[in-house]
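Residue-level listing of the chains:
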Amino acid sequence: MRAGVAAGHPATADVGAEILADGGTAADAVVAMALASCVAETVMSGLLAGCHAIAFDGSRVANLDGFAAVPTASDDLVELEIPFGEEPVVYEIGPASCAVPGLPAALGELSERLGRLPWRRLCEPALALARTGVPLPEMHARSLEMLGGLYSLERGADLFTRDGETLAAGAILDQPGLVDALEALAEEGPESVYRGSIAEALLRMDGVVLGAADLAAYTPRWTDPVVVPYAGRTVATRSGLTGVPELLPRMPTLRDLTATDRVLALVDVLATPTVGGEHTTNMAAVDGHGRACVLTHSLGVGAGVWLPGFDLQLNNLLGESDIAHGDPGPGDHLESRMAPTLAFDADGLELAIGSAGATRLRTALATALAAILDEGLDAESAVGLPRVHPTSELVDAEPGVDEAALLALEESGRAVRRWERLHHYFGAVSCVGRTGAAGDPRRSGAAHRV
């Protein structure tokens, strides 16, 4: 399989291609892309995020849990309603909603265990982007407009609005404090967020419930993937809230179905009972030696609070009801729907894929995975296919979904909501495989073969 990268922003994908061309491993490329995304994709996530990754070193597959952890203390959260598409969703935000971030520690772990280039080299492209600013793509601008009530709070008003309006597509997203944040990260390593300059700034903030012991104790966790058969392949992924290992064995064979029957079969198997909307981004890389890495990270929707001097938005993962499962105690990692995934056939690695999208993540991932492995589409066509997302109450359908199928659903009593244009509500897949590489147009994603 040819080397390649895919991500949720053209600038992020460019960084991955640069690192592979410089002799970096797939893990190096993902680390550098993740750091770059914390500049270019701050409408979707940021450095103080939680993450999950999957990596293949040529012989072994492992998952890395870098999701956010529960701090020792707690405090009251602030409620904010955001219209997520046509769904009003209430989020809990504010400084007390910030869980212990895991992304920096996970990136350090990937770099140390599976990387080849120096840490400072992996920080350089993100620093360059922070110094110049990054043009805001159309789909990111649409997301920002939807989140204007959150992103216009406090420092966000300076960074993400102009003359009282959120930044338009093509505007330069300039976040000067990120230069200092990334310089600290390059100099001090990931420890800057846990014991260094960034940690000190976090601990000085009013209302933040994180303590020095919470930050110092954070550890990313390597685990074995869940392995399931699908379409004659072996698929390695995550379990838990993802639901992916349970879904894939139930997926119908799609390759010989009509367009109508295909939609009806997907609606039958993909139904999910919940709606949620945390903002997430995903990146994937395969290097010239067949090694692969996929990483997904998220701030939740963001806390609406920025770290003074560093232009880093705090996560609100303690306030995300969509992932509030079980009874996690101090130090425990929160649950997540993230499902970075690798697929293998008899010849080896065939596909590295992941998705953003909260409760739509599973739908987006499974639909693209099936289109590539079952229906035989190339990566770009598979990711671009119109999506349908069923919940217990209604079926959401993108433009281009077979109309006969939607009418049949309505005749059976299902409520159908037809969307007029592409929207990040339907998730965002990025993948690299034998049939090509693709970033999702729903997030202005991009990909390169190297």
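Up top you'll find the structure we're talking about.
Rules behind the numbers
Residues numbered from 1 in each chain as written. Predicted model: local features only at pLDDT ≥ 70, side-chain atom pairs only at ≥ 80, totals over all residues. Heavy atoms only, no water. Buried < 20%, exposed > 50% of the residue type's maximum accessible area, 1.4 Å probe, protein only. Helix = DSSP H or I, 4+ residues; strand = E, 2+ residues; numbered from the N terminus. Pairing = 2+ DSSP bridges. Salt bridge = Lys/Arg side-chain N within 4 Å of Asp/Glu carboxyl O. Core = buried A, V, L, I, M, F, W, Y, C linked by side-chain atoms within 4.5 Å. Contact = heavy atoms within 4.5 Å. Phe/Tyr/Trp six-rings, centres within 6.5 Å; stacked < 30°, edge-to-face > 60°. Lys NZ or Arg CZ within 6 Å of the ring centre and 35° of its normal. Expected span 1.5 Å × (residues − 1). Axes fitted to C-alpha atoms, helices over the stretch in contact; angles between N-to-C directions.

A.B. asks: Describe the pairing of strand 14 (residues 292–300), and please don't skip the residues or the numbers.
C.D. replies: The two faces of a sheet get side chains in turn, since along a regular strand they alternate between them. Within strand 14, 9 of the 9 residues are buried, which leaves it mostly tucked inside the rest of the structure. By the bridge criterion, 7 bridges tie strand 2 (residues 50–56) to strand 14 in an arrangement that is antiparallel. Looking across to strand 14, one finds that Ala55 is bridged to Cys293. The sheet contact formed by strand 13 (residues 279–286) and strand 14 spans 8 bridges and is antiparallel.

A.B. asks: Quick rundown of the pattern of salt bridges? Include the residues and the values.
C.D. replies: Counted by the stated rule, this structure contains 22 salt bridges. The residue Arg417 makes a salt bridge to Asp396 at a minimum N-O spacing of 2.5 Å. Of the two residues, Arg417 is situated in strand 21 (residues 415–418) and Asp396 in strand 20 (residues 394–397); the sequence distance between them amounts to 21 residues. There is no split in this pair, since Arg417 and Asp396 are both buried. Among the ionic pairs, Arg442 bridges to Glu398, the shortest N-O distance being 2.8 Å. Note that Arg442 is positioned in the loop between strand 23 (436–438) and strand 24 (446–449) and Glu398 in the loop between strand 20 and helix 15 (403–411), a separation of 44 residues in sequence.

A.B. asks: Report on the pairing of strand 1 (residues 4–7), specifying residues and quantitative values.
C.D. replies: Side chains of strand 1 alternate between two faces, with Gly4 and Ala6 and Val5 and Ala7 buried alike. Of the pairings in the sheet, the one linking strand 1 to strand 24 comprises 4 bridges and is antiparallel in character. Its bridge partner lying in strand 24, Ala7 is registered against Ala446. Pairing analysis gives 3 bridges linking strand 1 to strand 13, with the strands arranged antiparallel. Following the sheet pairing, Gly4 is matched in strand 13 by Val286.

A.B. asks: Talk me through the nonpolar core; I want residue IDs and the actual numbers.
C.D. replies: Ranked by size, the top nonpolar core spans 75 residues in total, and within it Leu35, Ile198, Leu295, Leu307, Leu312 and Leu314 carry the most contacts. The element contributing the most residues to this core is helix 2 (residues 26–40), with 12 residues. Every residue in contact with Leu295, bar those within four places of it in the chain, is listed here: Val30, Ala34, Cys51, His52, Ala53, Leu103, Leu107, Leu110, Thr281, Asn282 and Met283. One finds Met251, Leu361, Leu369 and Ala438 within the second-largest nonpolar core, a separate group that totals 42 residues.

A.B. asks: Outline the packing of aromatic side chains, listing residues and values.
C.D. replies: Using the criterion set out here, one finds 8 aromatic pairs in the structure. Centroid distance Trp419 to Tyr425: 4.9 Å. Interplanar angle 20°. Geometry classified as stacked. The same class applies to Trp419 as to Tyr425, namely buried. Across the ring face of Tyr425, the terminal group of Arg360 is positioned such that the distance to the ring centre comes to 4.5 Å.

A.B. asks: With reference to specific residues and values, describe the environment of Ser192.
C.D. replies: Within the secondary structure layout, Ser192 lies in the loop between helix 8 (177–188) and helix 9 (197–204). Relative accessible area serves as the criterion here: at 0%, Ser192 is assigned to the buried category. With sequence-adjacent residues up to four places away left out, Ser192 is seen in contact with Ala184, Leu185, Ser197, Ile198 and Ala199.

A.B. asks: Which residues make up helix 8, and what are the values?
C.D. replies: Over its 12 residues, helix 8 extends 17 Å from the first C-alpha to the last, a length consistent with the 16 Å expected when each residue adds 1.5 Å. Those residues of helix 8 that sit buried are Gly177, Leu178, Val179, Ala181, Leu182, Ala184, Leu185 and Ala186. Contacts made by the buried residues of helix 8 are with helix 2, helix 4 (119–132), helix 9 and strand 16 (312–313). Directly beyond the C-terminal end of helix 8, a positive phi value near 80° is found at Gly189.

A.B. asks: Quick one: what's the story with the sheet that holds strand 21, residue by residue and with numbers?
C.D. replies: Strand order in the open sheet made by the 3 strands is 19-20-21, with mixed pairing throughout. Among the strands making up the open sheet, the edge pair consists of strand 19 (388–390) and strand 21. For this sheet, the mean inter-axis angle between neighbouring strands, taken without regard to orientation, is 20°. Taken together, the 3 bridges between strand 19 and strand 20 define a ladder with antiparallel strand orientation.

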